[in-house]
Amino acid sequence: MLKKKHYLALGAVTLMALLVFSLPQRATSRLKLAAGGLFLPLFGLLNTAQQLPVDAANAVMPRRALLKEIGELQRENQQLRIQGAQTAAIALENDQLRALVGWQRQTPWKLKLANVVMRDPANWWRTVQIDLGSRDGLRENLPVLTPDGLVGHVAAVGFARSQVVLMGDPNCRVSARVENPAHDVGVISASGPLDGSLVELTYLSGNAVLKSGQNVVTSGEGGIFPPGIPIGQIVDSRAVEFGLYTEARVKLSANFGALERVWVLFP
Amino acid sequence: MNVFNTILILAAAFLAVFGEAAFPLLRHWLGAQVDLLPVLMVYAALNTDIVTVSLLALLGGLWFDALSANPLGISIVPLFAIGFVIYLQRELILREVPFAQFMLGAVASAAAPALCVLLLLTGGQEPLLGWGSLWQWLVMTAGGAVATPIVFEFFNWCQKAFGYQPRTETSFRPDREIQRGRQ
């Protein structure tokens, strides 16, 4: 049944697969980025095609509507400037107080906007790729967020694009704090494969008092995510292992179904 | 079979992987993305040679893993295993019958992710699994089953439209010509 040609094909494919598996991590990452780079022209074409209707709509937008929008944006800009000045004064005061008690000075966040270019084709991972890479100063483990809340962290960095592991993926665990009187701390871990908007908050203390709607933010422990980034709200909770610890479901603040632009945070 | 078919299958695999990464609409509606590589493998195993089957497994698997968080090369083995088994049994399969194509597509689309997850778990990885994975598996199986006859129709049409047919040799030989009448 098996001819010589079949044996050769079987041997060649097995050899190639073994060769790829046995490559060092660094070589595998490079090979992966090189193979993924083949798709860049197609993604460029797709972006151009998606931009065309937007440009066409902008071209026919009436001048009156544009002027109205500019006016609104100018007002909003002025409000934000005033708030910024107030925040700067508070930050200065905070720095002086921290210096008085001998705490480390907080550095302001630097953010870079990135476009989500593709999603993981496999159903068992929750990752996206963004159009920033090492040429933009990205490195592994940088937090990624939207104005609504935390999204995940950078897992692999290429020259012009990077892979972001989203919350809910088994490879993205976040130390989180519930904004309740006890400030209970737990770990955000993998969720179910279907509903990407819900994650599990585990290892909360057994006597944690949780209520639906309480906010969950990053605790700052773990060294990757700075404290205070919004994650979501508590949906419900239950005691686990005969009350040894508590688990809660958290509804994520960021809309993972419509991720188009994200911010990479340089702490 | 000619090289045009091989190029067409590899181009389709490239576009299929791109489509799965770039268009998440199906994932938003049904909660799972349908993988077309097993479907293409069924076509390749039934209609092309073992070289095309191997190339599709190698390149398709590498392209898929390059855009995914999978370890590079993990998708090669399930794809090749499916293609190789179908290739060896293809003389017994009614490849022109849409129902056979449908069933083969379903089996291949069910086996490929199952084998891939099995390999991931064997390698110590922690893929996102749960009861919802069963639903995703069903969607992938059903999607692959429905897509297979369509893919067969598409490739047959492409083959007729763009592929060249080998020139058939004439059976006429001048030395065997029957001379009629008197010499």
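Values in this document were obtained by computation on a predicted structure and should not be read as measured data.

1. A closer look at helix H4 (residues 63-101) of chain A
Residue and element names in this part refer to chain A.
(1) Moving on: For H4, spanning 39 residues, the distance from its first C-alpha to its last is 56 Å, which sits close to the expected 57 Å at 1.5 Å a residue.
(2) Moving on: A small share of H4 lies buried, amounting to 0 of its 39 residues.
(3) Moving on: One or two positions beyond H4, positive phi appears at Gly 102, with a value near 80 degrees.

2. As for the packing of helix H3 (residues 37-47) of chain B against helix H5 (residues 76-88) of chain B
All names here are of chain B.
(1) Moving on: Where H3 contacts H5, the two axes come as close as 8 Å, and the packing angle between them is 30 degrees. On the basis of their axis angle, the class for H3 and H5 is roughly parallel. Read as a crossing pair, H3 and H5 show a hand that is right-handed. On H5, the residues touching Leu 37, Pro 38, Met 41, Val 42, Ala 44, Ala 45 and Leu 46 of H3 are Leu 79, Ile 82, Gly 83, Ile 86 and Tyr 87.
(2) Moving on: In the contact of H3 with H5, the residues fall into 11 nonpolar, 1 polar and no charged.

3. Quick word on the nonpolar core
(1) Moving on: Grouped together as the largest cluster of nonpolar side chains are 100 residues, with contacts concentrated most on A:Val151, A:Ile231, B:Leu40, B:Met41 and B:Tyr43.
(2) Moving on: If you tally residues by element for this core, the top one is helix H4 (residues 50-67) of chain B, at 10 residues.
(3) Moving on: Residue contacts for A:Ile231: discarding those within four places in its chain leaves A:Gly149, A:Leu150, A:Val174, A:Ala176, A:Ile188, A:Val216, A:Val217, A:Thr218, A:Val250, A:Leu252 and A:Ser253.

4. Description of the sheet that holds strand E1 (residues 110-119) of chain A
Residues and elements named next belong to chain A.
(1) Moving on: Pairing is antiparallel in the closed barrel, where 6 strands are placed in the order E1-E2-E5-E4-E3-E12. When the angles between neighbouring strand axes are averaged without regard to direction, this sheet yields 45 degrees.
(2) Moving on: As defined by bridge partners, E1 adjoins strand E2 (residues 127-130) across 3 bridges and the pair is classed as antiparallel. By the bridge assignment, Arg 119 is partnered in E2 with Val 128.

5. Comments concerning the environment of B:Leu104
(1) Moving on: Note on placement: B:Leu104 falls in helix H6 (residues 98-122).
(2) Moving on: Linking B:Leu104 and B:Gly144, residues 40 residues apart in sequence, is a C-alpha distance of 9.1 Å.

6. Some remarks on H3(B)
Residues and elements named next belong to chain B.
(1) Moving on: Within H3, 10 of the 11 residues are buried, which leaves it mostly tucked inside the rest of the structure.
(2) Moving on: Buried within H3 are the following residues: Leu 37, Pro 38, Val 39, Leu 40, Met 41, Val 42, Tyr 43, Ala 44, Ala 45 and Leu 46.
(3) Moving on: Looking at the packing, one finds that the buried side of H3 touches helix H1 (3-22), H4, H5, H6 and helix H7 (131-162).

7. Digging into the packing of H3(B) against H4(B)
All names here are of chain B.
(1) Moving on: Two numbers describe how H3 lies on H4: the axes approach to 9 Å, and their chain directions differ by 170 degrees. Relative to H4, the element H3 is oriented roughly antiparallel. Counted together, Leu 37, Leu 40, Met 41, Ala 44 and Ala 45 of H3 and Thr 52, Val 53, Leu 56, Gly 60 and Phe 64 of H4 form the full contact between these two elements.
(2) Moving on: Here the residues of the contact of H3 with H4 sort into 8 nonpolar, 2 polar and no charged.

8. A look at the interface of chain A and chain B
How big an interface is tends to be stated in terms of accessible area lost as the parts join.
(1) Moving on: Taken together, the contacts link 38 residues of chain A with 41 residues of chain B.
(2) Moving on: Looking at the side of chain A that touches chain B element by element, the count peaks at 10 residues for helix H1 (residues 4-22) of chain A.
(3) Moving on: Grouping the amino acids of the side of chain A that touches chain B by side-chain chemistry returns 24 nonpolar, 8 polar and 6 charged.

9. Some points on the pairing of strand E3 (residues 143-146) of chain A
All names here are of chain A.
(1) Moving on: The sheet contact formed by E3 and strand E4 (residues 149-157) spans 4 bridges and is antiparallel. Residue pairing for E4: Leu 145 is matched across the bridge by Leu 150.
(2) Moving on: Linking E3 back to E4 in an antiparallel pair, the connection comprises 2 residues.
(3) Moving on: The pairing of E3 with strand E12 (residues 261-266) spans 2 bridges and is classified as antiparallel. Directly across from Leu 145, in E12, lies its bridge partner Trp 263.

What counts, and where the lines are drawn
Residues numbered from 1 in each chain as written. Chains lettered and ligands numbered in written order. Predicted model: local features only at pLDDT ≥ 70, side-chain atom pairs only at ≥ 80, totals over all residues. Helix = DSSP H or I, 4+ residues; strand = E, 2+ residues; numbered from the N terminus. Expected span 1.5 Å × (residues − 1). Buried ≥ 20, exposed ≤ 12 C-beta atoms within 10 Å, placed from the backbone. Axes fitted to C-alpha atoms, helices over the stretch in contact; angles between N-to-C directions. Parallel < 35°, antiparallel > 145°, perpendicular 65-115°, else oblique. Left-handed = near helix turned anticlockwise from the far one by under 90°. Contact = placed C-beta atoms within 7 Å. Nonpolar A, V, L, I, M, F, W, Y, C, P; charged D, E, K, R; others polar. Core = buried A, V, L, I, M, F, W, Y, C linked by C-beta atoms within 7 Å. Pairing = 2+ DSSP bridges.

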